Structures are given as C-alpha cells and as structure tokens.
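# Analysis of the macromolecular model
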Protein chains: 2
Amino acid sequence: MMRRGFQVAARLGHHRAFLRAPRLLPRLNPASAFGSTTDTLVARFCQEKKDVKDFALPNASWCPDMLSTYQEFLEKTKASTWIKLPSFKSNRDHIQGFKLPLGLTVTSDKNDWRNFTRCIQVEGQGYEYVIFFHPAEKKAICLFQPGPYLEGPPGFAHGGSLAAMMDETFSKIAYLAGEGLFTLNLNIKFKKLIPLGSLAVLNVEVEKIEDQKIYISCVAQSRDEQTVYAKSSAVFLQLKLEEEPSQ
Amino acid sequence: MMRRGFQVAARLGHHRAFLRAPRLLPRLNPASAFGSTTDTLVARFCQEKKDVKDFALPNASWCPDMLSTYQEFLEKTKASTWIKLPSFKSNRDHIQGFKLPLGLTVTSDKNDWRNFTRCIQVEGQGYEYVIFFHPAEKKAICLFQPGPYLEGPPGFAHGGSLAAMMDETFSKIAYLAGEGLFTLNLNIKFKKLIPLGSLAVLNVEVEKIEDQKIYISCVAQSRDEQTVYAKSSAVFLQLKLEEEPSQ
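How each quantity is defined
Residues numbered from 1 in each chain as written. Chains lettered and ligands numbered in written order. Predicted model: local features only at pLDDT ≥ 70, side-chain atom pairs only at ≥ 80, totals over all residues. Heavy atoms only, no water. Axes fitted to C-alpha atoms, helices over the stretch in contact; angles between N-to-C directions. Helix = DSSP H or I, 4+ residues; strand = E, 2+ residues; numbered from the N terminus. Parallel < 35°, antiparallel > 145°, perpendicular 65-115°, else oblique. Contact = heavy atoms within 4.5 Å. Nonpolar A, V, L, I, M, F, W, Y, C, P; charged D, E, K, R; others polar. pLDDT = per-residue confidence, 0-100. Buried < 20%, exposed > 50% of the residue type's maximum accessible area, 1.4 Å probe, protein only. Pairing = 2+ DSSP bridges. Salt bridge = Lys/Arg side-chain N within 4 Å of Asp/Glu carboxyl O.

### Things to note about the packing of helix H3 (residues 38-45) of chain A against helix H6 (residues 159-178) of chain A
Residue and element names in this part refer to chain A. The interhelical angle for the contact between H3 and H6, taken along N-to-C directions, is 130°, at an axis separation of 7 Å. The angle between H3 and H6 places the two elements in the oblique class. Seen from H3, the contacting residues are Thr 38, Leu 41, Val 42, Arg 44 and Phe 45; seen from H6, they are Lys 172, Tyr 175, Leu 176 and Ala 177. Split into classes, the residues belonging to the contact of H3 with H6 amount to six nonpolar, one polar and two charged.

See below:
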C-alpha cells in the first residue's frame, strides 16, 4: 500500500529507533502495535461508501472459474469468518479521513489518480480481482483474472502484472492484519505462466509479526491446485495512519 | 519477457536436463548460447517497423528531467555505444516471425493484446519509459516516469508498478544480452517512494551468465543519484526463440 518506510523514517531520523526498539513493543500482538485491533481496522476499511464504486464485484468478463470461486467465498462470508474487501479506484478513498504517517506529503497535482491495479477500467481487459480476508487466521485469498492488457509473452500474463497483484494483496492484508504500511522487500519465484483470461488463486498468509515488521507469503496457483504459477514473500513495516483533525 | 521456463521445460521433460547440462555449454558466452550474437539480436529487435508505433519517444507529458536525460542518451547513441530500444504495444510485434520456444501455445483469443507496461495509452497517465542499451558492457538505463494511474500511496508510484517496470526492463536486456527469455526469480528491496510525474532512472547490469541462467541487477534512483528508490535482482533462463517456417 505504502512503501515509504525507509524514506520517512530516515528523513526524520527514526529509522534506527524503529528497527531497534523492540522493547517498546516487546511482543507485538499482530494488530495492536498502535492500539488498533484487526476488527477496528477491518470495520474502517470495509465501511460502505455509497458514492464510491467497488470494483471487486462480478462482471460479464469473469470466467466461470472466477465466478464460482467468488460465489463459494461469498457464501463463507455469511459465517463471518471470511470478509470480502471492497476495492476502490484510489487508495485515497480507502484512507479517507487519515493522513499519511510521519509527514509524508503528496506532491502530485493530477486529479485522476488510480490505484495501479485499478488503472484499466474496461471490464475484462486489465485487472479483474477480488480479495477475501480471514481476520482470525490472518490469511487471505485473491482471485485474479488477467486480461489482454496485462500481457507479457503472447497469450500469457506479464510477470510484472502478477508481481503487482501480489504486492497489492500483500499491502491490504499487511495493513488489516497489523498496520503494515510500507513494503520493505518483495521476492518472487516464478514457476509457470498464467494464461490470459483464466483464474489464478493467490493464497496469502501472514507468517509472523516481529520487531514492527510483518512477514507475509503467497502461493499463486490454479483453482484445482494442480498448477503452481509462482511463490512469493514480502516484508512490511508497521506504521500508523494518523487521523486527520476534524475541520 | 516470457516466464514459461519451468512450465515448458517440465511439461516436455526437459527441465532437469536444462539445469543439469552445463557440459553442453561449459562456458557460455553471454550471447552465443544458441549461436546468436548480441549484435544479431539487437539488429533484429531494433529493426524499423513503419506500421508499428514506437511508444518510447518523447511526448508532451514528459517532465524536463525525463526529456533532458533522454536527449543526453540519444546523443550517446551517435557513437554507437548506446542503442535506444523501440517499444511496441505488444511483444507479438517484437517477436514477429518467431514462435515461442518448446511448444508454448497461445491460448487467448482476444485481439487487443497489450504489453502490460504499454497498457495505458493516454500520454502521461500511465507508464512513460524508454530503455537505452549498451551491448558491449551489457548494461542499460531505463528512464521511467510514473503517471497518476500508477498510484499506490497517494501521490506516489505503486510498488507493483516499479516491480513491473524492473521486470520489463530486465526481460528486454536479458534477451538482448544472452537470449534470456523467462524470469525465474525477482527480488526487490524498496527504499523510498517515487513521486508521480517525476523521473526515476533504472540502472541495469548483467552480472553474469552461468549454467544457462542470466543474473541481472538494478538500482532505481533519482537523476542526481542522491535518492535511491529501490534495488533489485533477477535470474532469467536462456531459451531460444525459434524462427517460424516461411509460408
């Protein structure tokens, strides 16, 4: 979601303090480093916004596998174990009411910002995806169907598009699982190509939270789990979004 | 460019043979694993195509830094040490006349394919980039200006967009430097965020070629080299594009 950790911390001289101050937070509870619980974070993240479109909903471009897996997980949300995450055009909508941590300032003056994985708005041509999160077990599923604008080798998804999909899923889960805001590291091992228009299921798990870092992993595979497309891991830095003062 | 190595090789039972057969190619010359020289590969890759648009050319959205660095490297191409690589809408245009190696078949039936890093065609909104390659030294420079559709944290480039830009640059250079076609691994350490609309310079180097693998690295930084945005490394598998039989 935000990968400014080193930059921000170094600029303010807090970096070493961050990484060397486990005593301040001797045993980090995954979602309580800054006093927020996962429930609070999820409630805030998933609140209904009538004026903002949720792109993580089925459309006519979804392949049968994508649609039926979506229905399967939607069914699981009824038991309140899984939660479907909304996905807005911009992260500005997701973090409305909060300012970026540690004095990070926005320098762009363009007004049609789009979260990278929602950059193509023509249904089915770019990213089609939806993320389901299991707060209690700190794991998630991302259903990802790459369209023809995400091509690398002819007929298959660009490795960079999968890398971005992983990073995007990681960032949302790292935030909800423990206020992980900034990617420090992303490591991907590619195994097989994903055919355009087909479903890849990304299984994401928070491995551990230690010294204000969140360690998270992913296996991307076919729905029947017979084909592994890639494996990856990432490390996020925990930082708190600060509430904006009310006007 | 193409990350089908494991998939293709495993399917045809060639994978182990590939990785265990250094004796067939005991001391790989960077660009002669399959008899092609870098000059041949570059000449084929850079041949003028009048019916295909080259997107790696200046437009009104380029910031002054991007434009002047482009001019600086364009000047260097006159001495034939650096080469400006063309960038087409689809890799299909780049590999025209060649089929994918080892029976890799194209399964998509969509007809508006776009190379992922050329997915957004509105000038300045998405990816603006150009790659210069130095064949003799097996190094390259990618000038990258992320637009507002590549946003992650408000005002800054999504880490996934930088990951994809690195992967795309790596793939082109791995191919030209030694027919590296398939990414096996991509590892990125993020340091600071790239402001939207600004220039990031990716310095790419082929580190070594060994056992049919190409090891390649990248440092992404500001033009004045005072700000390092990220460092990365990747490993590509050498595979040969096969010429299509003439009709």
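Now that the structure has been shown, we can carry on.
### Quick look at the confidence of the model for chain A
All names here are of chain A. Averaged over all residues, the pLDDT of chain A is 84; the fraction at 70 or higher stands at 81%. Taken as a whole, residues 1-30 scores under 50 in pLDDT and shows 75 contacts with residues more than four places along the chain or in a different chain. Interface predicted TM-score (ipTM) for the complex: 0.86; the corresponding pTM is 0.87.

### A closer look at the pairing of strand E5 (residues 180-190) of chain A
Of all 11 residues that make up E5 of chain A, 10 are buried, and the element is covered over most of its length. Pairing of E5 of chain A with strand E8 (residues 228-238) of chain A involves nine bridges; the strand directions are antiparallel. Bridged to Phe 190 of chain A within E8 of chain A is Ala 230 of chain A. Relative to strand E5 (residues 180-190) of chain B, E5 of chain A runs antiparallel, the two sharing five bridges. Of the residues in E5 of chain B, the one forming a bridge with Asn 185 of chain A is Lys 189 of chain B.

### Quick word on the side chain of Gln 238 of chain A
Within the element layout of this structure, Gln 238 of chain A appears in strand E8. What makes Gln 238 of chain A buried here is its relative accessible area of 0%.

### Looking at the pattern of salt bridges
Note that side chains of opposite charge can pair when their charged atoms are close. Tallied over the full model, the rule gives 20 salt bridges over all chains. Among the salt bridges present, the one from Lys 84 of chain A reaches Asp 54 of chain A, with a minimum N-O distance of 2.9 Å. Linking Lys 84 of chain A in strand E1 (residues 83-84) with Asp 54 of chain A in the loop between H3 and helix H4 (64-77), this pair joins segments that are 30 residues apart in sequence. Taken as a pair, Lys 84 of chain A and Asp 54 of chain A share a single burial class, namely buried. In this structure, Glu 168 of chain B and Lys 172 of chain B form a salt bridge, with 2.7 Å as the shortest nitrogen-oxygen distance. With a gap of four residues between them, Glu 168 of chain B and Lys 172 of chain B both fall in helix H6 (residues 159-178), about one helical turn apart.

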